[in-house]
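Secondary and tertiary structure notes
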Amino acid sequence: MIEIELDGKKVDIVEGSMIMHAADKAGTYIPHFCYHKKLSIAANCRMCLVDVEKMPKPMPACATPVTQGMIVRTKSDKAIKAQKSVMEFLLINHPLDCPICDQGGECQLQDLAVGYGGSSSRYEEEKRVVPVKDVGPLISMQEMSRCIHCTRCVRFGQEVAGVMELGMSHRGEHAEIETFIGESVDSELSGNMIDICPVGALTSKPFRYSARTWELSRRKSVSPHDSTGANLVVQVKNNQVMRVVPLENEAVNECWIADRDRFSYEALNSDERLTTPMIKQGGKWASVDWQTALEYVANGLKQIKANHGANSIGTLVSPHSTLEELHLAGALVRGLGSENIDYRLRNAEFESSSSVRWLGTSIASLSQLQRVLVVGSNLRKDHPLFAQRIRQAARMGCAVSAINTVATDWAIPVANAVHVPAGQWVQALADIATAIAAETGVSAPAAGSATVSAQAIAKSLLGGERKAVLLGNGAAHHAQATSLLSLANWIAEQTGASVGYLTEAANTVGAQVAGAVPGAGGLNAAQMLAGGLKAVFLLNTEPVFDSAAGAAHQLVKSEMVVSLSPFKANMEFSDVLLPIAPFTETSGTFVNAEGRVQSFHAVVKPLGETRPAWKVLRVLANMLNLPGFAFESSQEVLADLHIGDDATPTHVRADRLGNTSHAVPVLTGGATEPVVASIYQLDGLVRRATSLQLTADARATAAAPVAQEALA
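Residues numbered from 1 in each chain as written. Predicted model: local features only at pLDDT ≥ 70, side-chain atom pairs only at ≥ 80, totals over all residues. Heavy atoms only, no water.

The name given to the protein chain in an unreviewed UniProt entry is NADH-quinone oxidoreductase, with Rhodoferax saidenbachensis as the source organism. As its UniProt record puts it under Sequence similarities (unreviewed entry), the protein chain is described as follows: "Belongs to the complex I 75 kDa subunit family." The UniProt entry for the protein chain carries this comment under Catalytic activity (unreviewed entry): "a quinone + NADH + 5 H(+)(in) = a quinol + NAD(+) + 4 H(+)(out)". (UniProt positions renumbered as here; feature names shortened; annotations may be inferred.)

Structure representation (structure tokens):
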């Protein structure tokens, strides 16, 4: 630590820091555009010029290292004059279109021009014009004449997204930001460029011209998509979600969110929303009131239970549902005397475990890893923000190894990779275990051969200090998932690594905590989808898309299928549709991959006759005279679960989390590829978000037509 003087105040700061860091610590604001705390230092906007004693000219605060005894003045005449001069140059070519700019009201240039700009311009020549650019369905680059060349977007692509899709060409007043690799910006994190752009050059194409920033109310929420549990700020106008931006949380998503977190809100306002209960009569759908719909369901359940027994009733739930919804769904079906409930629609093996499978470490620690082995995951598309953290680790020297079916571009340097069919993943892990055993002199857990690639991965994992073996969606849904976990545990134990699942959905961990798995004698998801039920509840899930191709066609044989969904879904085989609230219209809780419990409130009123699912389940249970459903709020439902403790109320109790497995690995079998959702087919919201479905990722992995044809 060294001491400097900043505007007359003594500041202790770590040696090697910049003046900007010292100012941040002291709470002193220095105007800037190109500086961003998560990006490298470019020092090209020059707005942060400050007066440093004994320096002949003003120095950029973002790029000037502190020295012992340095005296800095940020508000001296010399500093202010320099900053005003820079602002005059920045405004020379900037168009005077603030009244029609989407960034108006939240623009850094606009704000700083008030403090450092002149009352009139001395520039009388023509301003330059930059051609319009179309870079895809998410980012608008219609007004690149506003660009001030801070290069934040360029550095974000290089350093955070891992792909330099934007760059700066030419020099001087001819310089402009444009695409280089392709004609569009296709990163799964591209929307963050909108947030970090300090002017109105990069704006949101779906949000464009739909509202002014001062008209929007802002409410906190949590992403319902992948297992990061990204914190969001949902912006609302006239009871309608207009925009979603990140809420900074260093322990979870830092200041970034994935594009599916940002743009999936379009589905909330789509024509596919279900706004009133519906019953199929004579093959035709008719809208009814809630009382009629719930009485129809209750009477049907009583009749089916009397005729076929309680075990003919089951529930398939989505891991994107809230903890409260999952808890009450399980309580309802068990109250009827059945143990048929499952969230694992895409699984091929159904392990019975008393422990909750989780990440095995904190999300923040992924950024500090020195060695990591990822098994069965398209990391960049399945978990964009986890990939971003591992990308940070790789930039600091982390050696990344992978086992997968095919080589996919993670935008991360991969040191060692094994690409084999899914049926050989267990053997690949056994080979790595054999190579580790040879290095350490212990017995291998299964027969394997120390191939060149296995030896390379083994040596990698035996080095370093902070290490992890991470099992992706493909490994979790694999027909030999237990064998993969068993071998991963052995490898982790021998190398000092943590072992964990990346976990697929926003509430995969929460579904386990809530007990949304079959009890003794209960049917798992595959057995229920195979046609073993007479009455089926589908909570927030669409089996056509959320399970193996063709698996849902047996549901037409059931006597009653009840779909609880925000959308007009499952109409081919459902008998009743009950409109339930998406995450923006209900309160609830998600548990992310690290076991962090995050509750949220509704940000808008339910659309039409839509009701929160936990309320629907509670009322239905009351109509069936089931005990234990006297909940008045979602908070009461959450309290009934007792998931945390006094020491860590924001996390699942440590004694409930565990990834250990003592199963004997089976090296043969599991030849079929695991069922894994593509990035924009993960859940009902992203499937119905128009802009996301126009992206390159969505076009490359269109919805599987096989499942649709199977129902025809």
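From this point on, the discussion continues.
Using the criterion set out here, one finds 35 salt bridges in the structure. The partner of Glu143 in a salt bridge is Arg208, and the shortest N-O contact between them spans 2.9 Å. Of the two residues, Glu143 is situated in the loop between strand S7 (139–141) and helix H4 (152–161) and Arg208 in the loop between strand S10 (203–204) and strand S11 (217–222); the sequence distance between them amounts to 65 residues. For Glu143, a relative accessible area of 17% gives the class buried. By relative accessible area, which is 21% here, Arg208 ends up partly exposed. Here Glu272 and Arg688 are joined by a salt bridge, their closest N and O atoms 3.0 Å apart. One end of the pair, Glu272, is in the loop between helix H6 (259–263) and strand S14 (278–281); the other, Arg688, is in the loop between helix H20 (684–687) and helix H21 (690–693), and 416 residues separate them in sequence. On the basis of relative accessible area, Glu272 is assigned to the partly exposed category, the value being 39%. (Salt bridge = Lys/Arg side-chain N within 4 Å of Asp/Glu carboxyl O. Helix = DSSP H or I, 4+ residues; strand = E, 2+ residues; numbered from the N terminus. Buried < 20%, exposed > 50% of the residue type's maximum accessible area, 1.4 Å probe, protein only.)

Attention shifts here to the pairing of strand S23 (residues 535–539). By the criterion of burial, S23 is predominantly enclosed, with five of the five residues buried. Neither face of S23 is open: one carries Ala535, Phe537 and Leu539, the other Val536 and Leu538, and all of them are buried. Bridging between S23 and strand S24 (residues 560–565) involves five bridges; their strand directions are parallel. Residue pairing across strands places Phe537 opposite Val562, the latter belonging to S24. (Pairing = 2+ DSSP bridges.)

This part is about the nonpolar core. Phe33, Met47, Ile139, Phe156, Leu166 and Leu202 are the most contacted members of the largest nonpolar core, which has 75 residues in total. Broken down by element, this core gets its largest block of residues, five residues, from H4. Those residues in contact with Phe156 that lie beyond four places of it in its chain are Leu39, Ala161, Gly162, Leu189, Asn192, Met193, Ile196 and Trp256. Core analysis: the second largest hydrophobic core is formed by 54 residues, Ile279, Ala329, Val333 and Leu578 among them. (Core = buried A, V, L, I, M, F, W, Y, C linked by side-chain atoms within 4.5 Å. Contact = heavy atoms within 4.5 Å.)

Moving on to the packing of helix H11 (residues 425–440) against helix H12 (residues 452–462). Geometry of a packed helix pair, given as the angle between the helix axes and the separation of the axes. Two elements in contact, H11 and H12, have axes whose closest approach is 8 Å; the angle formed by their N-to-C orientations is 60°. Put simply, H11 runs oblique to H12. As for how H11 packs across H12, the hand of that crossing is right-handed. Here Asp431, Ile432, Ala435, Ile436, Glu439 and Thr440 of H11 come into contact with H12, specifically with Ala454, Gln455, Ile457, Ala458, Lys459 and Leu462. Considering only residue class, the contact of H11 with H12 consists of seven nonpolar, two polar and three charged. (Axes fitted to C-alpha atoms, helices over the stretch in contact; angles between N-to-C directions. Parallel < 35°, antiparallel > 145°, perpendicular 65-115°, else oblique. Left-handed = near helix turned anticlockwise from the far one by under 90°. Nonpolar A, V, L, I, M, F, W, Y, C, P; charged D, E, K, R; others polar.)

Strand order in the open sheet made by the five strands is S20-S19-S18-S21-S22, with parallel pairing throughout. Each having just a single partner strand, strand S20 (414–419) and strand S22 (498–501) make up the two edges of the open sheet. Here the strands of the sheet are splayed against their neighbours by 15° on average, with no regard to which way each runs. Across five bridges, strand S19 (residues 399–404) lies against S20 in parallel orientation. Paired with Ser401 across the bridge in S20 is Asn416.

Time to look at the domain arrangement of the protein chain. Taken as a whole, the protein chain is organised into domain 1 (2–92), domain 2 (278–353 + 508–652) and domain 3 (363–502 + 658–677). Centre-to-centre, using C-alpha coordinates, domain 1 lies 45 Å away from domain 3. (Domains from an automatic or database assignment.)

In total, this model carries zero disulfides according to the counting rule given. Of all cysteine sulfurs in the structure, the one in Cys197 sits closest to Cys150, which takes part in no disulfide; the separation is 6.1 Å. Given the relative accessible area of 8%, Cys150 is considered buried. What makes Cys197 buried here is its relative accessible area of 10%. (Disulfide = S-S within 2.5 Å.)

With that settled, consider helix H14 (residues 481–495). Between its terminal C-alpha atoms H14 stretches 21 Å, which fits the 21 Å expected from 15 residues at 1.5 Å a residue. Summarising burial for H14: 13 of the 15 residues are buried, a large majority. Phi turns positive one or two residues past the end of H14, at Gly496, with a value near 75°. (Expected span 1.5 Å × (residues − 1).)

Under the definition given, this model contains two aromatic pairs. Seen from their ring centres, Phe590 and Phe600 are 5.1 Å apart, and the 35° between their planes marks the pair as tilted. Here the residue Phe590 occupies a position in strand S26 (residues 588–591), and Phe600 occupies one in strand S27 (residues 597–600), the gap between them amounting to ten residues. Look at Phe600 and you get buried, because its relative accessible area is 4%. (Phe/Tyr/Trp six-rings, centres within 6.5 Å; stacked < 30°, edge-to-face > 60°.)

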